[in-house]
Amino acid sequence: IKTNLYLVLDDDIISLKEFGYNDLFTGNKIKFKGERDIMSQPQVWECSRDLLKLHKKTNIYKLRNTMSITPEILITPVVNDMLKYLVHQHKGYRNLLQEMTRVSWTEYTLYWLYLRYVDQKGVSYYKMDNFTCGDLTVYAEDFDKELQRTMQEKCGYFTIIQSNVYEYNINAVKSALKL
């Protein structure tokens, strides 16, 4: 990656409207999709803390307005520094990769904890300001109506149709998206 920032989109993200570089900011801060706290996935946050080899007494449960799921904007030099830090902490790539395959973590929990506890300044570059709306992250019986409403209102730049919610009928999703 040759840019200072990059936008990460998973395959369950749908773009609702055009956007440009300046739309990724609120004032001079990078927008991020946040959660109120870590309680939606505490084990993932704990594993990320352990991958970073933060002290076990580090109270990650006090964190508020944390980075969540895609879409997210990451700072390239911070990601590069985090990778170097992780390789050093685990005494090599092989050990790091072995540990990463053993525990449950996400790139966002790892990145946010790194910003908060190792980098200690990166969090100040961000401001919670969702770019998504109408996210279907859990099953809703009327998901097709909700998706149609979201597509019409275009209240954010993206919406999420969580890929691991197996109850969604793909044909109904296609119909709602008019594919």
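For the structure, see preceding data.
Residues numbered from 1 in each chain as written. Predicted model: local features only at pLDDT ≥ 70, side-chain atom pairs only at ≥ 80, totals over all residues. Heavy atoms only, no water.

Over its 14 residues, helix 2 (residues 76-89) runs 20 Å from end to end, which matches the ideal 20 Å to within 8%, given 1.5 Å per residue. Those residues of helix 2 that fall on the buried side of the exposure criterion are Thr-76, Val-78, Val-79, Met-82, Tyr-85, Leu-86 and Val-87. On its buried side, helix 2 packs onto strand 1 (5-8), helix 1 (42-51), strand 7 (72-75), helix 3 (93-102) and helix 4 (107-119). (Helix = DSSP H or I, 4+ residues; strand = E, 2+ residues; numbered from the N terminus. Expected span 1.5 Å × (residues − 1). Buried < 20%, exposed > 50% of the residue type's maximum accessible area, 1.4 Å probe, protein only. Contact = heavy atoms within 4.5 Å.)

Moving on, we get to unusual backbone geometry. Each neighbour pair has its own omega, and for Thr-70 with Pro-71 the value is 0°, a cis peptide bond. For Pro-71, the location among the structural elements is in the loop between strand 6 (66-67) and strand 7. Located in the positive-phi region is Asn-65, a residue other than glycine, with phi close to 50°. Looking at the secondary structure, you find Asn-65 in the loop between helix 1 and strand 6.

With that out of the way, let us pick up the state of the cysteines. By definition, a disulfide links the sulfur atoms of two cysteine residues through a covalent bond. Evaluation of the coordinates by the stated rule reveals 1 disulfide. At a sulfur-sulfur separation of 2.2 Å, the disulfide partner of Cys-133 is Cys-155. One disulfide, between Cys-133 and Cys-155, carries an S-S torsion of 115° and so falls in the right-handed class. Residue Cys-133 is found in the loop between strand 8 (126-128) and helix 5 (143-153), and its partner Cys-155 is found in the loop between helix 5 and strand 9 (158-160); the two are separated by 22 residues along the sequence. Owing to a relative accessible area of 9%, Cys-133 belongs among the buried residues under this scheme. (Disulfide = S-S within 2.5 Å.)

Now for the nonpolar core. Soluble globular proteins tend to bury their nonpolar side chains together. Judged by nonpolar contacts, the single largest core of 39 residues is most densely connected at Leu-52, Met-67, Tyr-111, Leu-113 and Tyr-126. Those elements that place two or more of their residues in this core are strand 1, strand 4 (29-32), helix 1, strand 7, helix 2, helix 3, helix 4 and strand 9. Among the elements that make up this core, the one with the highest residue count is helix 4 (8 residues). Ignoring anything within four residues of it in the chain, the contact list for Tyr-126 reads Lys-29, Ile-30, Lys-31, Phe-32, Met-67, Ile-73, Leu-74, Ile-75, Tyr-111, Trp-112 and Leu-115. (Core = buried A, V, L, I, M, F, W, Y, C linked by side-chain atoms within 4.5 Å.)

Moving on, we get to the side chain of Asp-37. Within the fold, Asp-37 resides in the loop between strand 5 (34-35) and helix 1. What makes Asp-37 buried here is its relative accessible area of 13%. Here the side chain of Asp-37 touches Met-39 through a polar contact of 3.0 Å, landing on its backbone nitrogen. Setting aside its immediate chain neighbours within four residues, Asp-37 contacts Leu-63, Arg-64 and Thr-66. (Polar contact = N/O pair within 3.5 Å; in protein donor to acceptor, adjacent residues only side chain to side chain.)

Let us look at the packing of aromatic side chains. Going through the model one piece at a time under the given rule, you end up with 9 aromatic pairs. Centre to centre, the rings of Phe-19 and Tyr-157 are 5.9 Å apart; their planes meet at 65°, and the pair counts as edge-to-face. With Phe-19 in the loop between strand 2 (13-15) and strand 3 (25-26) and Tyr-157 in the loop between helix 5 and strand 9, this pair connects stretches of sequence that are 138 residues apart. With relative accessibility at 33%, the residue Phe-19 sits in the partly exposed group. (Phe/Tyr/Trp six-rings, centres within 6.5 Å; stacked < 30°, edge-to-face > 60°.)

The subject of this paragraph is a nonpolar patch on the surface. There is a patch of nonpolar side chains on the surface, built from Leu-83, Tyr-93 and Leu-97 and spanning about 310 Å² of accessible area. Tracing the backbone shows Tyr-93 in helix 3. (Patch = residues over 30% accessible without salt bridge, like charges linked within 9 Å, V, L, I, M, F, W, Y side chains within 5 Å. Areas by Shrake-Rupley, 256 points an atom, 1.4 Å probe, with all protein chains shown as cover. Salt bridge = Lys/Arg side-chain N within 4 Å of Asp/Glu carboxyl O.)

We now examine the environment of Tyr-108. Note on placement: Tyr-108 falls in helix 4. For the pair Tyr-108 and Asn-164, spaced 56 residues apart in sequence, the C-alpha separation works out to 18 Å. Those residues in contact with Tyr-108 that sit more than four places away from it in its chain are Val-8, Asp-10, Met-67, Ser-68, Ile-69, Thr-70, Glu-72 and Leu-74.

As a further point, take helix 5. The set of residues buried in helix 5 consists of Phe-143, Leu-147, Thr-150 and Met-151. One side of helix 5 holds all its buried residues, which, seen down the axis, span an arc of 100°. Summarising the geometry of helix 5, the exposed residues directed more than 90 degrees from the buried face are Lys-145 and Gln-152. Contacts from the buried residues of helix 5 go to strand 2, strand 9 and helix 6 (170-177). Within two residues after helix 5, Lys-154 carries a phi angle of roughly 45°, on the positive side. (Arc of directions from axis to C-beta.)

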